[in-house]
Amino acid sequence: MTDQPQCRRLPGRTAVVTGAGSGIGLATARRLAAEGARVVCADVDEKAGRAAAEETGGLFVPVDVTDEGQVEALFRTAHETYGSVDVAFNNAGISPPEDDSVLTTDLDTWRRVQETNLTSVFLCCKHAIPYMRRQRRGSVINTASFVARVGAATSQISYTASKGGVLALSRELGVQFAREGIRVNALCPGPVNTPLLKELFAKDPERAARRLVHVPGGRFAEPEEIAAAVAFLASDDSSFVNAAEFLVDGGIAGAYVTPL
């Protein structure tokens, strides 16, 4: 687990975090606030999102990230409240158990995952970037996944496809807006010790164990470790990192055989 920053890298900047109520989103809201950012906590779960905002001294905005009107209102509210939109961490996503093999996943599940994991990122970028263009600066961080880089026999077909889409979308936007001072990167976490993963362990220990064996370090990431990577991408320390696939996966994507 990472320590809190010794020097604050984001004072006076406004950071919007979707899915801020739990897991990676909550850890990131805490880290960005510790870095000096004014954090806008967005979540469909009002109780969790409001608690995150209260803890970080930020602003809570309820939002369904698949609804364009609500997404537009989210970034408008952030700008009207704080006067800028400097960081957009587009992180909200789902991985329902119904999303499985291509042979068994139904079309409704496919569409629901695509809407939440990919279309929502498109909408957040669409409505965050115009504020950044006016400022001539900004950092967009979109949550993809290491599964966009590797194949899995324990498939989550729509999840995997959606994260591959986030990767391609981020690369294209990073190139398109680079000369306007805007960076767009795709964060690719490995398996993270979040409520979603704990639920997987509880429901299907065999499938979870099959994942763990492929991590060279023999453990999953902690949310705070992913939050530290977001803070780096949000800050000027990453000023020449753009249109990148930022892997934070403990070496999974680079492994052929893991240590005994």
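For the structure itself, look to the data block above.
Criteria and cut-off values
Residues numbered from 1 in each chain as written. Predicted model: local features only at pLDDT ≥ 70, side-chain atom pairs only at ≥ 80, totals over all residues. Heavy atoms only, no water. Pairing = 2+ DSSP bridges. Helix = DSSP H or I, 4+ residues; strand = E, 2+ residues; numbered from the N terminus. Axes fitted to C-alpha atoms, helices over the stretch in contact; angles between N-to-C directions. Parallel < 35°, antiparallel > 145°, perpendicular 65-115°, else oblique. Left-handed = near helix turned anticlockwise from the far one by under 90°. Contact = heavy atoms within 4.5 Å. Nonpolar A, V, L, I, M, F, W, Y, C, P; charged D, E, K, R; others polar. Buried < 20%, exposed > 50% of the residue type's maximum accessible area, 1.4 Å probe, protein only.

J.: Honestly, the sheet that holds strand 6 (residues 182-189) in this entry has me stumped. Any pointers?
T.: Where strands meet in a sheet, backbone hydrogen bonds hold them as pairs that are either parallel or antiparallel. Taken in spatial order, the seven strands of this open sheet run 3-2-1-4-5-6-7, and their pairing is parallel. If you trace the sheet from one side to the other, it starts and ends with strand 3 (59-62) and strand 7 (245-248), each paired once. On average, each strand axis in the sheet is tilted by 20° relative to the strand beside it, whichever way the strands run. Examined bridge by bridge, strand 6 and strand 7 share four bridges and lie parallel to one another. Among the inter-strand pairings, C188 is bridged to a residue of strand 7, identified as L247.

J.: Would you mind going over the packing of helix 3 (residues 68-82) against helix 4 (residues 107-135) with me for this structure?
T.: What describes two packed helices is the angle between their axes and the distance between those same axes. Where helix 3 contacts helix 4, the axes come no closer than 9 Å and their chain directions differ by 30°. Overall, the two elements helix 3 and helix 4 adopt an arrangement that is roughly parallel. Once helix 3 is placed against helix 4, the crossing between them reads as right-handed. Two secondary-structure elements touch here, helix 3 through E68, V71, E72, F75, R76 and H79 and helix 4 through L123, C124, K126, H127, A128 and Y131. Across the contact of helix 3 with helix 4, the residue classes break down as six nonpolar, two polar and four charged.

J.: Honestly, unusual backbone geometry in this entry has me stumped. Any pointers?
T.: Among all residues except glycine, the phi angle is most often negative; among peptide bonds, the trans geometry is most common. Residues other than glycine seldom take positive phi values, yet R136 does so here, at roughly 65°. Residue placement: R136 occurs in the loop between helix 4 and strand 5 (138-143). For R136, a relative accessible area of 48% puts it in the partly exposed group. Look at A243: it is not a glycine, yet its phi comes out positive at around 55°. Its location among the elements puts A243 in the loop between helix 8 (223-234) and strand 7.

By themselves, these observations are geometric and do not establish any function.
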